[in-house]
Amino acid sequence: VVEINRRMHELARTHWNTKRSGYLVGEPVMVMENIHHLGLFNGDVGIVISAPSDGVFPDTERGELHVLFKRGGDEFSIPLSQLTGRVELAWASTCHKAQGGQWENVFIDPGFLDDDSWTEDMFRWLYTAITRASEKVYLLSFPETLFLKD
């Protein structure tokens with residue numbers, strides 16, 4: 001997961017042609033601990049945005065960054081500077097961290113597991129991963145032995 005997030009960050013920097021270091025506008029981040037005074041909880045996911053200044057969005061290379069969160073029908077943003085060390089990239093996440101969250105599309109890649117890893121508990125985690133998707137699930141690198149054949 002760490003390597004996928006690192007690679008996605010580098011692809012985003014290249015695609016968006018930015019020299020900004022650190023988080024980029026448009027990147028998803030996940031809160032890694034409860035921050036009660038900000039109304040944030042472990043596992044909340046937000047999108048990095050460029051903060052408006054006098055009603056105009058500043059240059060995304062230099063402007064202050066915020067993280068936009070949605071809860072129910074409400075949106076709110078928190079300055080990224082208040083979340084330093086409390087968020088990490090969320091292009092990819094472990095199933096454990098994703099519990100309670102939901103995404104339109106979920107990609108599941110257990111390619112690092114060997115055949116002996118597919119225990120009853122692993123199938124429970126797989127169920128949890130599948131149920132995080134509201135629209136589509138993409139299964140990547142699954143061993144053929146897991147699928148029934150006629």
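Numbering of residues begins from 1 in every chain and follows the order in which that chain's sequence is written. For a predicted model such as this one, the threshold for reporting local features is a pLDDT of at least 70, and the threshold for listing and counting side-chain atom pairs is 80 or more; totals across whole chains, interfaces and linings nevertheless cover every residue. Excluded from the side-chain calculation are hydrogens and water; included are all heavy atoms of the structure.

Student: Please set out the environment of Pro 143 residue by residue, giving values where relevant.
Tutor: For Pro 143, the location among the structural elements is in the segment after strand S7 (133-139). Measuring from C-alpha to C-alpha, the distance between Pro 143 and Asp 115 comes to 7.7 Å, with 28 residues separating the pair along the chain. Once you skip the residues sitting within four places of it in the chain, Pro 143 turns out to touch Asp 115 and Trp 118. The helix and strand labels rest on DSSP assignments: H or I over at least four residues marks a helix, E over at least two residues marks a strand, and numbering proceeds from the N terminus. Pairs of residues are marked as contacts when any of their non-hydrogen atoms sit within 4.5 Å.

Student: Report on the side chain of Thr 128, specifying residues and quantitative values.
Tutor: Note on placement: Thr 128 falls in helix H3 (residues 120-130). The classification of residues rests on relative accessible area computed with a 1.4 Å probe and restricted to protein chains. Under 20% of the type maximum is buried, over 50% is exposed, and intermediate values are partly exposed. A residue is classified by how much of its surface remains accessible, and Thr 128, at 16% relative accessible area, is buried. Residues within four places of Thr 128 in sequence aside, it is in contact with Cys 95 and Gln 99.

Student: Provide a residue-level description of the pairing of strand S2 (residues 45-50), including the pertinent values.
Tutor: Whether two strands pair depends on DSSP finding at least two bridges between them. Relative to S2, strand S1 (residues 28-31) runs antiparallel, the two being bridged by 3 bridges. Looking across to S2, one finds that Val 29 is bridged to Gly 46. Sheet topology places S2 next to strand S3 (residues 65-71); 4 bridges connect them, and they run antiparallel. Looking at the pairing, Ser 50 lines up with Leu 65 of S3.

Student: Explain the packing of aromatic side chains to me, using residue names and the numbers behind them.
Tutor: Stacked, tilted and edge-to-face are the three classes applied to pairs of Phe, Tyr and Trp rings, where Trp contributes its six-membered ring and a pair requires centres within 6.5 Å; stacked means planes under 30 degrees apart, edge-to-face means over 60, and tilted covers the rest. Under the defined criterion, the tally for this structure stands at 4 aromatic pairs. Between Phe 69 and Phe 76, the aromatic rings sit 5.7 Å apart at their centres with planes inclined by 25 degrees, giving stacked as the arrangement. Aromatic side chains Phe 107 and Tyr 138 sit 4.5 Å apart centroid to centroid with 10 degrees between the ring planes, which places their arrangement in the stacked category. Of this pair, Phe 107 sits in strand S6 (residues 103-108) while Tyr 138 sits in strand S7, placing them 31 residues apart in sequence.

Student: Just give me the short version of the nonpolar core, but keep the residues and values in it.
Tutor: In this structure, Leu 40, Val 67, Phe 69 and Leu 83 are the most contacted members of the largest nonpolar core, which totals 13 residues. Of all elements in the fold, only S1 and S3 reach the threshold of two or more residues within this core. The greatest single-element share of this core, amounting to 3 residues, is contributed by S3. Once you skip the residues sitting within four places of it in the chain, Leu 83 turns out to touch Ile 35, Leu 38, Leu 40, Val 67, Phe 69 and Ile 78. If you look at the next biggest cluster of nonpolar residues, it comprises 9 residues, including Leu 113, Trp 118, Ala 129 and Ala 133. Buried Ala, Val, Leu, Ile, Met, Phe, Trp, Tyr and Cys residues that are joined via side-chain atoms within 4.5 Å together make up what is termed a nonpolar core.

Student: Go over unusual backbone geometry with me, naming the residues and quoting the values.
Tutor: The backbone of Asn 17 sits at a positive phi, close to 50 degrees, despite the residue not being glycine. Mapped onto the elements, Asn 17 comes out in the loop between helix H1 (2-15) and S1. Note on Asn 17: relative accessible area 64%, which makes it exposed. Positioned with a positive phi, Ser 141 is a non-glycine residue whose angle comes to about 60 degrees. Mapped onto the secondary structure, Ser 141 falls in the segment after S7.

Student: Could you give an account of the sheet that holds S3, with specific residues and numbers?
Tutor: Strand order across the open sheet formed by 5 strands is S4-S3-S2-S1-S5, with antiparallel pairing between neighbours. The open sheet has two edge strands, strand S4 (74-79) and strand S5 (87-89), and neither has a second partner. Averaged over all neighbouring strand pairs, the angle between strand axes comes to 40 degrees, with direction disregarded. In this analysis, axes come from line fits to C-alpha atoms, helices being fitted only over the stretch in contact, and the angle between any two N-to-C directions falls in the range 0 to 180 degrees.

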